[in-house]
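Chains, contacts and geometry: an overview
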Amino acid sequence: MKYRRLGKTELKVSVVGVGTWQFSGAWGQDYEQDEVDAILDKARDLGINLLDTAECYGHHLSESFIGSYIERRKNRADWVIATKFGHNHQDRENPSKNYWSAEEVLKQLDASLQALRTDYVDLYQFHSGSDEDFNNDDLWTALDKQVQAGKVRHLGISIGSNDNVYQTDAATRVGAEAIQVIYNRLDQVPERQVFPSCERQDLGVLARVPLASGFLSGKYKPGAVFSGNDVRSRRDQRQSQERLEMVQQILRSEVPSGVEMATWALAWCLKHPAVSCVIPGCKSPQQVQMNAAAASLSEVRNDHPQAWK
């Protein structure tokens, strides 16, 4: 495993992390605690130390799986835990309720800490909110107080749109030190404005969806159909098939012989000088192994601007 500093947070993070949305059951599989334990044990054994989760991944379900694991393994200090705020998917009776107020977010923070069974979060991220939600001085003042109190070590912004340079440019002003953004071989939009802004501010960058929701895993061929309990089934099917055709072209022309496409796709993201780490989801210890192998490819250079010295 290789490590990088997460921008000016100075956190030492593995170049490959573990995204945990799948633990919510949204990707076609419901998890038991022992399955989560096996995934996280494999990640730890391979040198992975970054876990990315969110309050709305099963309404604290993903966080609860992680919390149970670190409590029983007694290894909280081994992990950099990033979670998020701003949503409550369980509250279906009040879909228009504002969950971005300082008061609501502080409730979410306490709920996340309880679920994670820890007294601090390493990175607490504004989760894909609008610019209107973002422009809330009371919120950022309240969050700064949580940093001072030690409940949060660092603040971040998980931007909802890949070209949201407004929130990215404002990161330093509001006290955020890391940006999370969708970035992969099929979606290079952040390279235009978001990454240059991150480099100017020395922000850490977490590249989410680095396998393009599994399209770059090499597992799916044109004509693939996703089950009804898989979030991908709700996407435009024509666009999905076009993506699958593009993936086949990339596989033939860009992926080296003998290298798994998923491993190559993660290393491709890590080439960019702005990217600190990738946070792919994984459904099994075997997928964790495949993801971690990206760190050994030549694309992941030791002279990266954020390489851990």
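Our structure is the block above this text.
Summarised in this report is the structure supplied together with it. Residue indices begin from 1 for each chain and proceed along its sequence in written order. With the structure being a predicted model, the display of local features is reserved for residues of pLDDT at least 70 and the display and counting of side-chain atom pairs for 80 or more, all residues being used for whole-chain, interface and lining totals. Working from all heavy atoms in the structure, the side-chain values ignore hydrogens and water.

Time to look at the packing of aromatic side chains. Centre distance within 6.5 Å is the pairing criterion for rings of Phe, Tyr and Trp, where only the six-membered ring of Trp is used; planes under 30 degrees apart are then read as stacked, over 60 as edge-to-face, and the remainder as tilted. Counting across every chain of the model gives 14 aromatic pairs. Pairing F23 with F65 gives two aromatic rings, centres 6.3 Å apart and planes at 80 degrees, and the pair type is edge-to-face. Here F65 lies in helix α2 (residues 61–73) and F23 lies in the loop between β3 (18–19) and α1 (33–45), a separation of 42 residues in the sequence. Think of it in three bands: with a 1.4 Å probe and only protein chains considered, a residue is buried below 20% of the maximum accessible area for its type, exposed above 50%, and partly exposed in between. For F65, a relative accessible area of 9% corresponds to the buried category. Two thresholds decide whether a charge sits over a ring: the Lys NZ or Arg CZ must be within 6 Å of the ring centre and within 35 degrees of the ring normal. In this structure, R243 packs its charged tip against the face of F215, placed 5.8 Å from the ring centre. Working definition: helices are DSSP H or I runs of at least four residues, strands are E runs of at least two. Numbering for both runs from the N terminus.

For our purposes a nonpolar core is just a set of buried Ala, Val, Leu, Ile, Met, Phe, Trp, Tyr and Cys residues, chained together by side-chain atoms within 4.5 Å. If you look at the biggest cluster of nonpolar residues, it comprises 76 residues, and the most contacted ones within it are Y124, I157 and I179. Among the elements that take part in this core, helix α10 (residues 261–270) stands out by supplying 9 residues, more than any other. Residues count as neighbours in contact if any of their non-hydrogen atoms are within 4.5 Å of one another. If we ignore the near neighbours within four places in the chain, the residues touching Y124 are T83, K84, F85, V105, Q108, L109, L143, V152, H154, L155 and G156. L11, L50, A82 and C277 belong to the second-largest nonpolar core, a separate cluster that totals 11 residues.

As for its placement among the helices and strands, V15 is situated in the loop between β2 (12–14) and β3. The class of V15 is buried, set by a relative accessible area of 1%. With near-sequence residues (within four places) excluded, V15 lies in contact with M1, K2, Y3, R4, L270, S276, C277, V278, A295 and V300.

What follows deals with unusual backbone geometry. We note that H59 has phi near 50 degrees; this positive angle belongs to a residue other than glycine. Along the chain, H59 turns up in the loop between β4 (50–52) and α2. Its identity is not glycine, yet H60 carries a phi of approximately 70 degrees, on the positive side. For H60, the location among the structural elements is in the loop between β4 and α2. On the basis of relative accessible area, H60 is assigned to the buried category, the value being 11%.

The subject of this paragraph is helix α5 (residues 137–149). Helical geometry: 3.6 residues make up each α-helical turn, so side chains three or four residues apart lie on a common side. An ideal rise of 1.5 Å per residue puts 18 Å on 13 residues; α5 measures up with 18 Å between its terminal C-alpha atoms. Buried residues of α5: L139, W140, A142, L143 and Q146, and no others. Here the buried residues of α5 occupy an arc of 160 degrees about the axis, which is enough to place them on one side. With respect to the buried face of α5, the exposed residues turned more than 90 degrees away are D137, D138, K145 and Q148. On its buried side, α5 packs onto β5 (80–85), α3 (102–116), β6 (121–127), α4 (131–134), β7 (152–158) and α7 (171–174). The term polar contact refers here to a pair of N or O atoms within 3.5 Å; inside protein, the definition further demands a hydrogen-donor-capable atom paired with an acceptor-capable atom, and it admits residues adjacent in sequence only when both atoms are side-chain atoms. By the N-cap criterion, in which a side-chain oxygen at the helix start approaches the backbone nitrogen of a residue two or three places on, α5 is capped by N136, the distance to D138 being 3.2 Å. To estimate the expected span of a helix, count its residues, drop one, and scale the result by 1.5 Å. Here the arc refers to the directions that run from the helix axis out to each C-beta atom.

The strand order across the open sheet formed by 8 strands is β3-β4-β5-β6-β7-β8-β9-β10, and the pairing between neighbours is parallel. Every other strand in the sheet has two partners, leaving β3 and β10 (277–278) as the edge strands with one partner each. By definition, two strands form a pair when at least two bridges between them are found by DSSP. The pairing of β7 with strand β8 (residues 176–182) spans 4 bridges and is classified as parallel. When the bridges of β8 are listed, I157 appears paired with I179.

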